Amino acid sequence: MPPVVELDHVSKAYEQKAAVRDLNLRIEPGTMFGLLGPNGAGKTSSIRMMVGITIPDSGAVSLFGRPFARESLKKVGYLPEERGLYRKMKVMDQLVFMGQLHGLTAEVAGKRSRAWCERLKILDAAQNKTEELSKGMQQKIQFIVTLLHEPELIIMDEPFAGLDPVNATLLQETLVDLKKSGRAILFSTHRMDQAEKLCDEICLMHRGEAVLGGRMREVKSRYKRNRVVIDFEGEDGFLSHEAIAGYRQYPGHVEITLKEHADAQALLRAAEGQARIYRFELVEPSLEEIFIQTVGEKVDA
Amino acid sequence: MHEALLIARREYVERIRSRAFRISTVLIPLAFAFIFGIGALSGKLAGGPKHIVVASNDAVLAESERAELMGVGKGARLSVDVRAPITEPELATLNADVESKRLDAYLWLEVRPRQLEATYTSRGSADFLGKDRMQDSIGHALVREELMKRGATSEEIKDLLTDVELKTLKVSNGKAVTADASKGFLGAYLMTFMLYFAVVFYGVNVAHSVVSEKTSRVFEVLLASVRPESLMLGKLLGVGAVGLTQIAVWILFILLLSSSALWTTLGLGGLAAYGITPLRLIFFVLYFLLGFFFYSSLSTGLGATVSQESEVQQFSMLIVLPQVIGLMLTVYILSNPAAWPVVLLSLFPPCTPIVMCLRMAAMPVPAWQLALSLVLMVLSIYGMALVASRIYRVGILMYGKRPTLPEMLRWLRYS
């Protein structure tokens, strides 16, 4: 099967400023792909080229194994970062209209809209004007607009920004279901914890360049498990143990970074002798730490 | 094309459903009727019955003036009393009567040897008859008195004093037809103003709707499935269709009204008397469409360059100004419809709709000029749309600082 999206040495500059530099990227069907990076890293610029809103200065974009053509967009669902809906339009009219723009008949668009509204628990609001709805509800509508035409490729720019935890979870679960049914999903976020939970693959961007990428497991395995989290009660004298490079202490909880090649088991024994241990965990670095570490290196270089 | 039609249909349906459409459909003609009606009716509506006194030291003259005033002020529900001859103290009380509103006004005619002095005193400076007619009536009264002294019968006097009515004719298609000049231009004024309003209203409207789609970021969603050119075309077609619907409602209303019993009872005459002919209505619609497409292309392009609705005002001048030039020259155009500057102006696309509409009311415009104006407008719309769509395509994704002219020129070259 050809990759759903392929960017081949893609670059884009606005006026004098390079937004994306020499970006390579492949997304396979049935993959949840995270495009990560801080604000201004070039995530939105990259996404806009994938959906043909802008055209790369150099390099090539392929969708579904063929060079970019507007025809392919019928199979793409795009959720932009800034939500875009007609404020004065009724929700259901809006959904049907957007569905039609994606090539559905009014009838099919209406049927699917109702099903989605039901699934996302906003059927009651379907006859209201869009501007009367809460921000979270509008986001759900935008979400439905993206998915109505059952796209093979779903591209979402910061999909969970500004959502409350309940709704964020609801949408996350929906995305996971879509992935299981074989869709390719790309979403951008600057929230590393979300990406860590959801993504199979990631690409980390910084200043227009991909600084890190690959399958999540591989990326993480490149970094050693050199962090220890301990929940304890009692003396904290073990924090002066020779294996410890640095730590952050909270009441009854400490996060430790080990020295190079240090023995975690020795630390456990020392701690056990001084305090009551509820939890002792050797954890791999979080994506956030990996990011800070990687970008930090780049900045230094 | 399918996409453009979808966009157009959404635009049309949403607008037709809106309250703003219903209100403007009713309100704009009402406003015009009001403006035109207020002039015509102000004389008749200038308050209730008027009570005035004619005072003079010459009783015959005063009686004669009373008859004149009653004749002239027929529509004004006038009651005229005569106090003649009058004494000085009596004359002084008239001032008090006017002030205390027992009297609306009085006319004091003082006959001296070989001279007549007339003074009209009322509360306001405004007058229900007009100075000219008042003077005429006094002149008539004098002549009447003089004729009676010389033994003329009242029949003879009446014949002598009949006003001459000036009939105006104009040549149309080689025949002289009666034309009530003021009435004939009334229709032209009305149509021209309507045209102006409709083109400006919908032109600026398009700009607002582009900006609002930009601020609500709908473009991002739309652009992922629709070409910017289709978006623009759809918007113009949709809004244009709304304008056309509104005009159709207005025309239908006028046609219905003019064939109604009320119209006949009021004796307002056929529509043709007002210069509203089928040919002119057709061109009215044509020029609306062309003017609309010309100015709304311009306004989509410009609308795409700003990020806030309030900035639209900065360039709405560009839409209003060329048309206002036509409106300001109305009198000149109506009296010199074939002068070469007027002909040139009527062929200059930004001014064509307004100026041509006025010229058509004043003369039968040669067919070649009408045809040329249509061709020139279509060509300029094509050019305008080409430039505007390029600015539009880039502009709708640009936020923040308003682009400078050189920047916009650079956009034109973007692929």
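What you are looking at is a predicted structure, and each value in this text was computed from that prediction instead of being measured.

1. Notes on the overall build of chain B
Within chain B, the regular secondary structure consists of 17 helices and six strands. For chain B, the residues scored as buried account for 34% of the 415 residues in total. The contacts of chain B with a sequence gap of at least 6 include a subset with a gap of at least 24, amounting to 78%.

2. Some words on the domain arrangement of chain B
It is common to give the size of an interface as the accessible area lost on bringing the parts into contact. You can read the domains of chain B as domain 1 (50–160) and domain 2 (180–413). A separation of 53 Å is found between the C-alpha centroids of domain 1 of chain B and domain 2 of chain B.

3. Brief notes about the packing of helix H11 (residues 278–303) of chain B against helix H16 (residues 367–395) of chain B
Residue and element names in this part refer to chain B. Here H11 crosses H16 at 20°, and the two axes come no closer than 8 Å. With respect to H16, the element H11 is oriented roughly parallel. As H11 packs across H16, the resulting crossing turns out to be left-handed. For the pair H11 and H16, the contacting residues are Leu 290, Phe 293, Phe 294, Ser 297, Leu 298, Thr 300 and Gly 301 in the first and Met 377, Ser 380, Ile 381, Met 384, Ala 385, Val 387, Ala 388, Ile 391 and Tyr 392 in the second. When the residues that make up the contact of H11 with H16 are grouped by side-chain class, the tally is twelve nonpolar, four polar and no charged.

4. Comments concerning unusual backbone geometry
Positive phi, normally seen in glycine, also occurs at Lys 121 of chain A, with a value near 60°. With respect to the helices, strands and loops of the structure, Lys 121 of chain A is situated in the loop between helix H3 (106–119) and helix H4 (135–147). The exposure class assigned to Lys 121 of chain A is partly exposed, which follows from the 13 C-beta atoms found within 10 Å. A positive phi is found at Arg 217 of chain B, a non-glycine position, where the angle reads about 60°. Note on placement: Arg 217 of chain B falls in the loop between helix H7 (181–215) and helix H8 (218–223).

5. Focus: the confidence of the model for chain B
All names here are of chain B. Per-residue confidence for chain B averages 80 on the pLDDT scale, and 85% of its residues sit at or above 70. By mean pLDDT, strand S6 (residues 175–178) is the weakest element of chain B at 50, and helix H14 (residues 340–347) is the strongest at 91. Interface scoring of the predicted complex returns ipTM 0.74; its pTM is 0.71.

6. As for the sheet that holds strand S4 (residues 115–122) of chain B
Residue and element names in this part refer to chain B. Taken together, the four strands give an open sheet; going across it, the order is S2-S1-S3-S4, and neighbouring strands pair in mixed fashion. On the outer flanks of this sheet lie strand S2 (78–83) and S4, each paired with one strand and no other. Pairs of neighbouring strands in the sheet enclose a mean axial angle of 15°, with direction left out of account. With six bridges connecting them, strand S1 (residues 50–56) and S2 associate as parallel partners. Within S2, the residue paired with Ala 55 across the bridge is Arg 83. Running at roughly 155° to strand S3 (residues 105–112), helix H4 (residues 88–99) makes contact with S1, S2, S3 and S4 of the sheet.

7. Some thoughts on the domain arrangement of chain A
One can read the domain layout of chain A as domain 1 (5–221) and domain 2 (227–283). Its C-alpha centre places domain 1 of chain A at a distance of 42 Å from the equivalent point of domain 2 of chain A.

8. Some words on the pairing of strand S14 (residues 275–283) of chain A
All names here are of chain A. The buried fraction of S14 is low, at zero of nine residues. Here strand S11 (residues 227–234) pairs with S14 via eight bridges, running antiparallel. When the sheet's bridge partners are listed, Phe 232 is paired in S14 with Ile 277.

9. Considerations on the nonpolar core
Val 5 and Ile 155 of chain A together with Leu 195 of chain B are the most contacted members of the largest nonpolar core, which has 140 residues in total. Here this core takes 15 residues from H7 of chain B, the largest share from any one element. Listed in part, the 15 residues of the second largest apolar core include Ile 52, Leu 103, Tyr 106 and Ile 138 of chain B.

10. Focus on the interface of chain B and chain A
Every contact between the two is made by 15 residues of chain B and, on the other side, 19 residues of chain A. By residue class, the composition of the side of chain B that touches chain A is eight nonpolar, two polar and five charged.

11. With respect to the pairing of strand S1 (residues 5–14) of chain A
Residue and element names in this part refer to chain A. When S1 meets strand S4 (residues 58–63), the two strands line up antiparallel, connected through five bridges. In the sheet register, Val 5 faces S4, and the bridge partner there is Leu 63. Hairpin geometry of S1 and strand S2 (residues 17–27) is characterised by an intervening segment of two residues between the two adjacent antiparallel strands and by a positive phi of about 50° at Glu 15.

12. Quick look at the environment of Ile 86 of chain B
Residue and element names in this part refer to chain B. By the secondary structure assignment, Ile 86 is in the loop between S2 and H4. According to the C-beta neighbour criterion, Ile 86 is buried, with 22 such atoms within 10 Å. For Ile 86, the contacting residues outside a window of four places in its chain are Ala 55, Ser 56, Asn 57 and Leu 91.

13. Regarding the packing of helix H2 (residues 91–101) of chain A against H3 of chain A
All names here are of chain A. At a minimum axis distance of 8 Å, the contact between H2 and H3 shows a crossing angle of 125°. Considered as vectors, H2 and H3 are oriented oblique to each other. Seen from above, H2 lies across H3 with right-handed handedness. Here H2 contributes Met 92, Leu 95, Val 96, Gly 99 and Gln 100 to the contact with H3, which in turn contributes Ala 106, Ala 109, Gly 110, Arg 112 and Ser 113.

14. Quick look at the environment of Ile 155 of chain A
Residues and elements named next belong to chain A. Mapped onto the elements, Ile 155 comes out in strand S7 (residues 153–157). By C-beta crowding, Ile 155 is classed as buried, having 27 other C-beta atoms within 10 Å. Separated by 34 residues in sequence, Ile 155 and Thr 189 place their C-alpha atoms 12 Å apart. The residues contacting Ile 155, other than those within four sequence positions of it, are Ile 47, Met 50, Val 51, Val 76, Gly 77, Tyr 78 and Leu 186.

15. Concerning the sheet that holds strand S10 (residues 209–215) of chain A
Picture the strands of a sheet paired through backbone hydrogen bonds; they go either parallel or antiparallel. All names here are of chain A. Spatially, six strands are ordered S6-S7-S8-S3-S9-S10 in an open sheet, and the strand pairing comes out mixed. Each having just a single partner strand, strand S6 (76–79) and S10 make up the two edges of the open sheet. Direction aside, the axes of adjacent strands within the sheet are offset by 15° on average. Relative to the sheet, helix H1 (residues 43–50) contacts strand S3 (32–36), S7, strand S8 (184–189) and strand S9 (201–206), its axis offset from that of S7 by approximately 150°. Relative to S6, H4 is tilted by about 160°, and along the sheet it contacts S6 and S7.

16. Some remarks on the environment of Phe 238 of chain A
Structurally, Phe 238 of chain A can be placed in the loop between S11 and strand S12 (244–250). Considered as a pair, Phe 238 of chain A and Ala 275 of chain A are 37 residues apart in the sequence and their alpha carbons are 8.6 Å apart.

Rules and cut-offs
Think of each chain on its own: its residues are numbered from 1, step by step along the sequence as written. Ligands are numbered from 1 and chains lettered from A, in the order in which they are written. With pLDDT at 70 or above as the cut-off, local features in this predicted model cover only qualifying residues; side-chain atom pairs require 80 or more to be listed or tallied, and sums for whole chains, interfaces and linings still use all residues. By the criteria applied, helices consist of DSSP H or I runs no shorter than four residues and strands consist of E runs no shorter than two, each listed in order from the N terminus. Remark: C-beta atoms are placed from the backbone, and a residue is labelled buried if 20 or more other C-beta atoms sit within 10 Å of its own, exposed if 12 or fewer do, or partly exposed between those counts. Once C-beta atoms have been placed from the backbone, residue pairs whose C-beta atoms lie within 7 Å are recorded as contacts. A domain assignment, automatic or from a database, supplies the domain bounds used here. Fitted lines through C-alpha atoms give the axes, limited to the stretch in contact for helices. The angle between two N-to-C directions lies from 0 to 180 degrees. Just so you know how the angles are binned, under 35 degrees is roughly parallel, over 145 roughly antiparallel, 65 to 115 roughly perpendicular, and the rest oblique. In this scheme, a crossing is called left-handed if the near helix is turned counterclockwise away from the far one by less than a right angle; it is called right-handed if the turn is clockwise. Any residue outside Ala, Val, Leu, Ile, Met, Phe, Trp, Tyr, Cys, Pro, Asp, Glu, Lys and Arg is labelled polar, Gly included; the first ten of those are nonpolar and the last four are charged. A score between 0 and 100, pLDDT records how confident the predictor is in each residue. For two strands to pair, DSSP has to find at least two bridges joining them. Working definition: the nonpolar core is a set of buried Ala, Val, Leu, Ile, Met, Phe, Trp, Tyr and Cys residues, joined through C-beta atoms within 7 Å.

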